[in-house]
Each structure stands twice: as structure tokens, then as C-alpha cells.
Amino acid sequence: MPGLWERLRGGLTRTRQGLGDRIRGVFAGRQWSDDLWESLEEILYEADLGVDTVNFLLERTRAEVWNQRPRKAEAVVELLKRHMVELVRMNGDPRSLADHRPTVWMVVGVNGTGKTTTVGKMAYQMRERGFKVVLGAADTFRAAAQEQLSVWASRAGVEIIGQGYGADAAAVAFDTIRAASARQADLVIIDTAGRLHNKSQLMQELAKVHRVTGRALAGAPHQVWLVLDATTGQNGLLQAQVFLETVQVTGIVLTKLDGTAKGGVALAIARQLAIPVCWMGVGEGLDDLIPFDPEAYVEAILGGDLNA
Amino acid sequence: MFDNLAGKLESAFRRLRKKGVLSAADVRDALREVRMALLEADVNFKVVREFLSKVEERAVGQTVLASLTPEQEVVRVVRDELSELMGGQPSRVTMASHPPTVIYLVGLQGAGKTTTAAKLAAMLRRQGRQPLLVAADVYRPAAYEQLATLGRQIDVPVYYNPGATPVELVEQGIERTHKLARDVMVVDTAGRLHIDQALMAELLAMHSKVPGHEILLTVDAATGQDAVRVTQSFHSQLPLTGVILTKLDGDARGGAALSIRAVTGLAIKLATNGEKLDAIETFQPDRIASRILGMGDVLSLIEKAEEALDHDETADLAERLEQGEFTLEDFRGMLQQVKRMGPLSKVMEMLPGMKGLGQLKDRVDDRSLVRTEAILSSMTVGERRRPSIIDGSRRLRIARGSGTSVQEVNRLLKQFREVQKMLRQVRGMRKGKRGFPKFPFPPMPEG
């Protein structure tokens, strides 16, 4: 697919800026020496990886440096890079559907991470790939959420099912799946209301949507995407943990990577909770949601053009 | 996951104390725990480094080393430094001497600008002002509809004109403000990246056409290391006057607040902390210090308790306890007072060391309170005053009436008898001593 790589790089250029420059400034062409550990540590902390994951990665890398005694600073960065990629390596294309029709996706997350926008982009891309998509407007709490999703639905050229403000979210999910089955749709995407993970009542409501989805169609939801804002710090780990326990999250959508934040907490989530990062949001356009690319992502954190 | 910092320091010092004498190096070692706590709380890496060097200067002084409880001394120094950095006194939103006051809300996407705009307008209205909201987010789909819906809920007019540019919208908005004789205009702007030059220029153009008395940056309390870059970048392009920290009702520790303050010196003026439109308050700088350190928000808890508890009732209850006359009727009153403080899980979050304890929170589910209350409410007044008359058939009736089981009713009665027994013992024991024993109420679900 032409342009994908460029777009990814384009979207991530700014993520890379500063960091990449600094890496180049600090490491390029230099001999490795132990006082450079602190610079590496700083880069990882500033990318929001968190204490545990930074220690984990640096210990691994340290052990290898001890054994292999690399001469060049870049070689050490390479070793670190490999461990980071390993953490977030993923298998398969997130765009592939389950055997069952319709496949049901549910999109969850705390407030303001970009759930509705993500649903819109997913809908557009899946329809472009020839699938019949139906959206479920199960964010019945936020004012005008359904209107917002409707705009995305018409941009994407897909159908939307909703019952309006204040309706029962689980009932909307149920209706959407039934309607989609009747219309022989391929994919149902259910947009849910943003909620802070420490609000147990709201999380129970989400659990109910999840349960009812399974009742409307055995095996559903096939994917539960947790939308995580790349600017989020260590709280992202708690978010992921609670959403995982409540609705069995199957993958992370890391949004807003077109800013200067790196979303490094996603590495901590992958390591500690084994939830893979599957998508990355790199811009405002309909095409700016792409399958997660571990190498490109890690390079963006560490400065990709070291060997170029 | 987040152990209480004081606890961590205590164990660190316990290890050190085995050596006998504490040295400056030992204190430095202990400060590593502080560093971890700050980093885990999302305080910017560089800010942590500078902050710790300041703390070290003070902590390595004689007072800490000579203290019998060095861990508490260190915590005190850290907390003092934090409060000082955050700026002790709360800052207020300033109003123009000649109305209308113009307030811009700016920030990244998803920080909570639209909801906050409505909350701010509602707050101003409660203070007797006449706000007008301007929906200047022309990019996000249905942003106007969202603000219009919120405006209806809080009874504040919302200005919007489809097709107008954001600059035109504020110009027309200020005209409308004059026409409707409103005294504050709150402008909800589109979310934008701080590195998006075109959109940043647009904000500046709006501000130069209709100058804002307050330009408030809206920041999500869960923001990580990037908070520094975002704030610096906004601040260098726009004359920000302060910050609003949103989603403080989450369990993020809010280290971003410290980073922002340290790097830009901007005051955090307001905080939002709930889904409801009245969930906005003046930011309390001293309280975030404890929150960042994971030490709980005891001040807020005390304030809440004072707000919720009826003093006459409490005094009355204390007197009856004194005389050993505690009945189920009193207990029911106590429960209702506790409930007034809000969801139990929220109350618990304010206690030190309770953050992030998901499992515990589930055990102290509000539902167990609700069940206990249901059981109590299914009793007659006579039964509550003299629980001894509750026999088998009454138990069955109470269980049915409350939708619980006889076993649960039994458990409650048994716990109550134990408390009564304890009270009697305490009364017998006490001669002029003050203070009440710990109650095993409310009953926790077993498991």
C-alpha cells in the first residue's frame, strides 16, 4: 500500500523530534561509556514507560552490554531497541474479522481518549475494504455523542443504530447486533461512553453492555479495543488493568501519536498485562488510524535514523 | 502497586538503622524512594531531578539525622517543598473591572474543554454572574450540539453561528454578550496540538480580536511527561493566565500539576472532579502534594465529613454511646450520615494508602451498605430499639422485606450484639478516659 509508511513516518515525525535529535546528539558516533546509561534512562522516562518497565529494559540491556561489550553507543541503543520491540510485538492484522458474521467490536476507554473518532476511522477503513459495517451508538451519556458519531457514520458511508440521549447502552448494543444480523452486515462496532475506570457503577454498566452483547450473539464481542491517549502517564496502566478485568480487553488503540507524547505506558501495559497494542492513531484524517507497527513505534521513541 | 510513600520510607530507614548511625548518604538512598514515587505519579523527569536536589539540601541537614523518626522528617520536608512549589494559596479566576470578562478555554483534544466550559459557566452562574457560552470549536463533529445540550441543562445561553470562523464567532459572541447584557463570556475552543502552527495562530488571532482576561489551559490530570512540553508550548504562543486540571475524580496522582507549576509558574486555578455539571472547584494546591505522594486527601475527607455530618445528631449519639444505649436505630442514623459523604469507594480513595486498591474497593462495595440499610429499614421502630424481640418469624419477614436472606439478618444482629457487648465493657473499664473503640461496622461481605 503506497504511502502508508510515509504517512506513519509523517505522523510520527513529531513524536520523534526532540528525542531523535537528542539521541543523535548524545549517541551518534560515540564510544559507549557507562555514563550514557543515565541518558538512556532519561529518554525512556520521558516517553512515559514508567519505573518498572524502564528498570526491566535497562537491566536486560545491561546484562547484554556486560556480555558483548559493544564499542559503539549506537550498538547499545540497538540492543535496547530490540527488547522494546519484543515487548510490543504483535501477531496478526487487527483488521481481520472473526469467522463469524457479523463480527462484533466494542470500543471502550476513559473520557477524552478519542473513542468516537476511532470508531469513525475504523468504520471508514473497514468499509473501504469491502465490508458492510454497522455502528452502535452506545454512548448514551455524553451530550451529543450520537450526533458526533452520526457525522462520522455519514463520512464513512455506514449505517448507525441508536436510541438517543439517556437510552440504555446495553439495549442499544443489543439492537445494533440484531439489526446488523438481519441486514447481513460483516462488522458491528459499538461505541461506548467514556468512563473513568475507578467509577465502579459505570464500570458495571460497561460490563452489562459486554454481557448483553454476548447474549445478542454468542461469542460476541470478538474484539474489545481499549482506546488509550498517548499523552496519558502511568495511570494508563491502572486504566488498562481495570478495563481488562471488566470487559476482557483484547487490544489497545494508541491515539494522538501525532503530538509530542509517546504513549510509552503502552509498553508497560504490554509487559505487565499482556494486552497487545494493535492500532495507532497518527492524525485527524480518516486514514490516520493504522495497524500498530512495533519497529516504527520504538524507532520513533529512540530516534529512528540512527543507522540511516 | 502504589505503596504509601511514608511506608516505603519507613522500611528503607529501618534497614539503614540496623547500621547504627545515619549518614547523609543514607538519606540520599532513602530519597530514591521519593524519586520513584514522584516518577510513578507522572512528575516530569527533569522536574523530579531538580526537586530532589532541593529536598536533599534540606533533608541532609541536622534535623533529619538527629530525629528519632527520620522517615517522618523526610516526608515532612518533601511535603513542605511540594506545597511551597505548588504555591500555598488557591488562585481565583479574575474578573475584569469593566465587564464583560472574557475567558478562553484552550488545550489538547480530549482534555475536557467543552464539559469544563459548561461547568465553569454553571459555577459563575451560582456566583450570581450572567455568563454566555460561545461554541468556537468548528472542527469536531457535533461540538456545538454538545455545548448546546449542556447549556440547556445549566440554563446558560450558547452562541454559535454555522459557517462562521472561530475568529468571527468570538467577535459575534462579544456583540451578543453586550446585547444580552451578560457579564462573562466563556469561549470553548477546539482541541488542538501545541505543535499545530496554523491552529495555534488561530487562537492568537481570536485573542487579539477579542482579548481574553483569562486564558486557561485545560489539562487532563492523567497526563504524563508530555504535560511539560504541551504547557510550555501553549504558554510560549499564548499569554496563558492559568490552568484547569480535569478528571481529578480519576485515580491518577496528578504529577502533571507539579510539572506544570515548576516549569511555567502558572497557577492551577480550578479542578473538575466528576460527571455532574457542578463538579468543579477551586484548586487546593496543598492537597495535591499529598495526592502526588500517595498520602491520601485527608483534608478533603475531613471537610466532606464536616459537611455531611449533623452535629446535633452526632453529639446526641455520643451521649447515648456513653451511656451504653446504642440501638439499631442509632446505627441506622450513623449509616445514613456516612452515606451523605458520597459513595464509600470515593470516601476510601481519600484515605492514605487506599489508592489503586481495586480489590479492597470491591469489598467495601456501597452495595453492602445498601443491603445493611435495607435490612435495618425492614425492621419496625420497635425492633430497632429492642433488637431482642426479633424472633425467627420476624427475621424471616425482615429478610423478605429487604430482599436479603435470614443468614444476612442474623449476621447483622450478631455483629450488633458484639458491638453492644464491647461498648458495655468499655464503659465498665473506662474511668475518665476519652475516645471510642473501633466498630466492626459496617459489616463487610465475607470472603
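All of the points below concern the structure found in this document. (Residues numbered from 1 in each chain as written. Chains lettered and ligands numbered in written order. Predicted model: local features only at pLDDT ≥ 70, side-chain atom pairs only at ≥ 80, totals over all residues. Heavy atoms only, no water.)

## Re empty space enclosed by the protein
Phase 1 of the analysis: This structure, assessed with the given rule, holds nine cavities of 30 Å³ or more.
Phase 2 of the analysis: In this model, the largest cavity occupies a volume close to 230 Å³.
Phase 3 of the analysis: Looking at the largest cavity, it is lined by 28 residues, and the ones nearest its centre are D229(A), T231(A), D220(B), A222(B) and T223(B).
Phase 4 of the analysis: At four residues, strand 5 (residues 214-220) of chain B tops the list of elements feeding residues into the lining of the largest cavity.
Phase 5 of the analysis: Residues of the lining of the largest cavity, tallied by class, amount to ten nonpolar, 14 polar and four charged. (1 Å grid on protein atoms, 1.4 Å probe; cavity = no way out; pocket = protein on both sides within 12 Å on 5 of 7 lines; lining within 4 Å. Points joined across faces, edges and corners; volume = space filled by probe spheres on them. Helix = DSSP H or I, 4+ residues; strand = E, 2+ residues; numbered from the N terminus. Nonpolar A, V, L, I, M, F, W, Y, C, P; charged D, E, K, R; others polar.)

## Details of the sheet that holds strand 8 (residues 280-282) of chain B
Residue and element names in this part refer to chain B.
Phase 1 of the analysis: The strand order across the open sheet formed by eight strands is 3-2-4-1-5-6-7-8, and the pairing between neighbours is mixed. Every other strand in the sheet has two partners, leaving strand 3 (158-159) and strand 8 as the edge strands with one partner each.
Phase 2 of the analysis: Bridge count between strand 1 (residues 101-106) and strand 5: four bridges; the pairing is parallel. For L105, the partnering residue across the bridge sits in strand 5 and is L216.
Phase 3 of the analysis: Relative to strand 2 (residues 131-136), helix 8 (residues 166-179) is tilted by about 165°, and along the sheet it contacts strand 1, strand 2, strand 3 and strand 4 (184-189). (Pairing = 2+ DSSP bridges. Contact = heavy atoms within 4.5 Å. Axes fitted to C-alpha atoms, helices over the stretch in contact; angles between N-to-C directions.)

## Remarks on the interface of chain B and chain A
Phase 1 of the analysis: Residue-level contacts link 42 residues of chain B with 47 residues of chain A.
Phase 2 of the analysis: When the buried surface of chain B facing chain A is broken down by residue, F45(B), P141(B) and E275(B) rank first, second and third, together holding 16% of it.
Phase 3 of the analysis: On inspection of chain B and its partner chain A, the count reaches five salt bridges.
Phase 4 of the analysis: Between E41(A) and R35(B) there is a salt bridge, with the nearest N and O atoms lying 3.4 Å from each other.
Phase 5 of the analysis: Here chain B and chain A share 21 residue pairs in polar contact (both at pLDDT 80 or more) between them.
Phase 6 of the analysis: Those elements that provide at least two residues to the side of chain B that touches chain A are helix 2 (24-40), helix 3 (45-59), helix 7 (143-154) and helix 10 (226-237) of chain B.
Phase 7 of the analysis: With five residues, the single largest contributor to the side of chain B that touches chain A is helix 7 of chain B. (Buried area = accessible area lost by both parts, 1.4 Å probe. Salt bridge = Lys/Arg side-chain N within 4 Å of Asp/Glu carboxyl O. Polar contact = N/O pair within 3.5 Å; in protein donor to acceptor, adjacent residues only side chain to side chain.)

## What about the pairing of strand 7 (residues 277-281) of chain A?
Residues and elements named next belong to chain A.
Phase 1 of the analysis: Burial within strand 7 is extensive, with five of its five residues counted as buried.
Phase 2 of the analysis: Looking at chain direction, strand 6 (residues 251-255) and strand 7 are connected through three bridges and run parallel. Along strand 7, the bridge assignment pairs L254 with M280.
Phase 3 of the analysis: Handedness of the strand 6-helix 11 (residues 265-273)-strand 7 crossover: right-handed.
Phase 4 of the analysis: Pairing geometry for strand 7 and strand 8 (residues 289-291), over three bridges, is antiparallel. Within strand 8, the position partnered with M280 by the bridge is I290. (Buried < 20%, exposed > 50% of the residue type's maximum accessible area, 1.4 Å probe, protein only. Right-handed = clockwise from strand over helix to strand, strands pointing away.)

Function cannot be read off these values alone, since they describe shape.
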